[in-house]
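# Examining the three-dimensional arrangement
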Amino acid sequence: MNFRNLSVAVGMLLVFLSCNQNPFTGKKTLAVVPNSQILPMAFQQYDQFLQENQVVTGTSEARMVKDVGQKIATAAERYLNANGYQGYLEDYRWEYNLVNDDAVNAWCMPGGKIVVYTGILPITQDETGLAVVMGHEVAHALANHGQQRMSASQLQQVGAAVGAVAVSEENQQMFQTAYGLGTQVGVMLPFSRSHETEADKIGLTLMAIAGYNPDEAAELWRRMKANSGGSAQPEFLSTHPSNDTRINNLEAWSDEAKAEARKYGVTNFKS
Ligand SMILES: [Zn+2]
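Along each chain, numbering runs from 1 in the same order as the chain's sequence is written. Restriction of local features to residues with pLDDT of at least 70 applies here, the model being predicted, together with a cutoff of 80 or more for giving and counting side-chain atom pairs; totals for whole chains, interfaces and linings are based on all residues. The basis for every side-chain value is the complete set of non-hydrogen atoms in the structure, without hydrogens or water.

## What about the overall build of the protein?
Operational definition: In DSSP terms, a helix is any run of H or I states spanning at least four residues, a strand is any run of E spanning at least two, and both are numbered starting from the N terminus. Any residue under 20% of the maximum accessible area for its type is buried, any over 50% is exposed, and the rest in between are partly exposed; the area is computed with a 1.4 Å probe on protein chains only. Contacts: residue pairs with any heavy atoms within 4.5 Å of one another. Per-residue and other accessible areas were derived by the Shrake-Rupley procedure at a 1.4 Å probe size, with only the shown protein chains allowed to occlude residues.
Of the regular secondary structure elements, the protein holds 12 helices and 6 strands. Across the 271 residues that make up the protein, the buried fraction comes to 52%. Pairs at least 24 residues apart make up 72% of the contacts formed inside the protein by residues separated by at least 6 positions. Of the roughly 12,200 Å² of accessible surface on the protein, a fraction of 50% belongs to carbon and sulfur atoms.

Here it is, written out as structure tokens:
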């Protein structure tokens, strides 16, 4: 068996052996490619995205994105540390950037690499609305939903490519599509409804621990829904399908999120 075949065999073995636990739901999820392989790819793709797009700096909106992002990240760290997941975010390198683009969109790549598009700001309206969106996106990343968007073989291909010297254009495109950078390539993959529900619930807890009023989450999605009328469907809505069930869920979970936040000494929730 030559080295290449051996690598493939070892890779295949990893596909079957590695499993992650979602720290928020306790559910086992398949981790086809470990963070040590996925994160370098994510960091490289993120830097490339920033180079190819117009990053907004020095404005109050850009500062707000960094400020809210930092608070959500801190909330995630506090939550994970308190629930026996110390070290879960060890390889994360949080970064929060506002990009000048009319698309109604935001995403968080594995490793805490976040982009908010200026096009979503008229809908988020303020810091708390932004916290809803960022909490939700960070939740997708923490729960490894992006990985689960790719098929096992696709992920393995990306993982193998990261291990090799060159990353093919095809692999890059697959990765971008799976992690929501799809506006660049014109393809967006929707998250499944169960992943959406999970991200809503986790996001609500994160925003509450960060000191934002979780009651505002339902309001944000109402505005998002109102904005979706007409022919131009915002990107965020096409990948984050909104419906009345979601809004009802968010309202029903809000008190629970506040109760969770109180465990961390948070008693005031900014609306
Ligand atoms: Zn989502």
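That covers the picture; the talk isn't over yet.
## Some thoughts on the packing of helix α3 (residues 60-82) against helix α9 (residues 193-209)
Let me state the cut-off plainly: Axis lines are fitted through C-alpha atoms, for helices just across the contact stretch, and the angle between N-to-C directions can take any value from 0 to 180 degrees. Should an angle lie under 35 degrees it is considered roughly parallel, over 145 roughly antiparallel, and from 65 to 115 roughly perpendicular; all remaining angles are considered oblique.
Taken N-terminus to C-terminus, the directions of α3 and α9 make an angle of 105°; their axes are 8 Å apart at the nearest point. In this view, α3 runs roughly perpendicular relative to α9, as classed from their interaxial angle. Counted together, Ile 72, Ala 75, Ala 76, Arg 78 and Tyr 79 of α3 and Thr 205, Leu 206, Met 207 and Ile 209 of α9 form the full contact between these two elements.

## Quick notes on the environment of Gln 54
With respect to the helices and strands, Gln 54 occurs in the loop between α2 (35-52) and β3 (55-56). Residue classification places Gln 54 among the exposed positions, given a relative accessible area of 52%. Sequence separation between Gln 54 and Val 99 is 45 residues, and the spatial gap between their C-alpha atoms is 5.6 Å. Setting aside chain neighbours within four positions, we find Gln 54 in contact with Leu 98, Val 99 and Asn 100.

## Concerning the side chain of Glu 260
Mapped onto the secondary structure, Glu 260 falls in helix α12 (residues 244-262). Filtering out sequence-adjacent residues up to four positions away, Glu 260 remains in contact with Tyr 79 and Thr 205.

## Section: the confidence of the model for the protein
Test applied: A residue's pLDDT is the predictor's confidence in that residue, given on a scale from 0 to 100.
Looking at the protein, pLDDT values average 83 and 75% of them are 70 or higher. Within the protein, no element has a lower average pLDDT than helix α1 (residues 3-17), which sits at 47, and none a higher one than β3, at 98. Across residues 8-17, where pLDDT falls below 50, the model places 4 contacts with residues more than four positions away in sequence or in other chains. Confidence over residues 183-187 falls short of pLDDT 50; this stretch has 13 contacts with residues more than four positions distant or in other chains.

## Quick look at the nonpolar core
In plain terms, the rule: Definition of nonpolar core: a set of buried residues of the types Ala, Val, Leu, Ile, Met, Phe, Trp, Tyr and Cys, connected through side-chain atoms within 4.5 Å.
Ile 72, Val 116, Ile 120, Met 134, Leu 142, Trp 221 and Met 224 are the most contacted members of the largest nonpolar core, which totals 59 residues. Excluding residues that lie within four positions of it along the chain, Leu 142 makes contacts with Pro 23, Phe 24, Ala 76, Leu 80, Tyr 88, Leu 89, Tyr 92 and Leu 206. Phe 43, Leu 50, Met 109 and Tyr 117 belong to the second-largest nonpolar core, a separate cluster that totals 13 residues.

## Remarks on unusual backbone geometry
Located in the positive-phi region is Gln 125, a residue other than glycine, with phi close to 70°. Assignment of secondary structure puts Gln 125 in the loop between α4 (121-124) and α5 (127-142). Positive phi, normally seen in glycine, also occurs at Asn 144, with a value near 60°. Within the secondary structure, Asn 144 sits in the loop between α5 and α6 (145-149). Residue classification places Asn 144 among the buried residues on the basis of a relative accessible area of 11%.

## A word on the pattern of salt bridges
Here is the rule we go by: Here, a salt bridge means any Lys or Arg side-chain nitrogen found within 4 Å of an Asp or Glu carboxyl oxygen.
Within this structure, the stated rule accounts for 12 salt bridges. Measuring nitrogen to oxygen at the nearest pair gives 3.0 Å for the salt bridge that ties Glu 260 to Lys 263. Given a relative accessible area of 63%, Lys 263 falls into the exposed group.

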